[in-house]
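# A closer look at the structure
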Amino acid sequence: MEPFKKTKSIVTPLDKVNVDTDQIVPKQFLKLVQKSGFGKFLFFNWRYDENENPKSDFVLNDSKYENSKILVAGDNFGCGSSREHAVWALQDYGFAVIIAPSFADIFFSNCFKNGILPISLDQKIVEKLQQETQPVEVDLENQTIKTFSEEIPFEIDPHKKKILLEGLDDIAQTYQYEDKISEFEKKSTVPSVL
């Protein structure tokens, strides 16, 4: 996992509430066994018509949002099933930050496990950010979102902040205790009965 310090880009506004994981990445695309390659399926049913032609009225098909790294969505983002593929699709597409009034718990946790920063903010602030046309900077170290006209603070659990700043997934966190694990294994080795 790559360390996350800050990112700056225009925001992609997704003015929808209760966006579930099946809308983020539909079930028919869950056959891949690696984390990469899911970006092309992100919001597939909203992005494409029945002939797989891009729908001109969907935000991700607007070229001005092509290199956006910040998605600003509605309330209860990531609800539905616990599939981690939804986070993989968002990350593979290029999003590093997701801002919403609230998130489903498992989705929220999966974001941190995969290097995406989810930020929960007041509904009015989210709505204001969805209207932002200038690049926005998200600074994890200082816990701020800087727009052209203001600086918005955000809260984050200190442990979750640390794992993002240091780029530590679950396995990397375990390796930090490798010496203690080895020491424990030596002490608790059960003698052979033979």
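For the structure itself, look to the data block above.
Below is a summary of the structure that appears in this document. (Residues numbered from 1 in each chain as written. Predicted model: local features only at pLDDT ≥ 70, side-chain atom pairs only at ≥ 80, totals over all residues. Heavy atoms only, no water.)

### Examining the overall build of the protein
The secondary structure content of the protein amounts to eight helices and eight strands. Within the protein, the fraction of its 194 residues that count as buried is 43%. In the protein, of all internal contacts separated by at least 6 residues, the share reaching a separation of at least 24 is 64%. When the accessible surface of the protein is summed, it comes to about 11,200 Å², and 50% of that surface belongs to carbon and sulfur atoms. (Helix = DSSP H or I, 4+ residues; strand = E, 2+ residues; numbered from the N terminus. Buried < 20%, exposed > 50% of the residue type's maximum accessible area, 1.4 Å probe, protein only. Contact = heavy atoms within 4.5 Å. Areas by Shrake-Rupley, 256 points an atom, 1.4 Å probe, with all protein chains shown as cover.)

### Digging into the packing of helix α3 (residues 85-93) against helix α4 (residues 105-113)
One way to put it is that α3 packs onto α4 with a least axis distance of 9 Å and a crossing angle of 50°. For the element pair α3 / α4, the angle class is oblique. Crossing of α3 against α4: the hand is right-handed. Of the residues in α4, those in contact with Ala86, Val87 and Leu90 of α3 are Phe107, Asn110 and Cys111. (Axes fitted to C-alpha atoms, helices over the stretch in contact; angles between N-to-C directions. Parallel < 35°, antiparallel > 145°, perpendicular 65-115°, else oblique. Left-handed = near helix turned anticlockwise from the far one by under 90°.)

### Quick word on the pattern of salt bridges
Throughout the structure, instances matching the rule amount to five salt bridges. Measuring nitrogen to oxygen at the nearest pair gives 3.0 Å for the salt bridge that ties Glu166 to Lys162. With a gap of four residues between them, Glu166 and Lys162 both fall in helix α6 (residues 158-166), about one helical turn apart. (Salt bridge = Lys/Arg side-chain N within 4 Å of Asp/Glu carboxyl O.)

### Overview of the sheet that holds strand β2 (residues 11-14)
If you trace the four strands from one edge of the open sheet to the other, you get β2-β3-β4-β5, paired in parallel fashion. Every interior strand has two partners, whereas the edge strands, β2 and β5 (117-120), have only one. Direction aside, neighbouring strands of the sheet carry axes that sit 20° apart on average. The sheet contact formed by strand β3 (residues 70-73) and strand β4 (residues 97-100) spans three bridges and is parallel. Across the sheet, the residue bridging to Val72 is Ile99, located in β4. (Pairing = 2+ DSSP bridges.)

### So, the sheet that holds strand β1 (residues 6-9)
Read across the open sheet, the four strands follow the order β1-β6-β7-β8; overall the sheet is antiparallel. The open sheet has two edge strands with one neighbour each: β1 and β8 (151-153). Strand-to-strand, the axes of this sheet are offset by a mean angle of 15°, without reference to chain direction. Bridge analysis of β1 against strand β6 (residues 136-139) gives four bridges, and the strand direction is antiparallel. Following the sheet pairing, Thr7 is matched in β6 by Val138.

These figures capture arrangement, not role.
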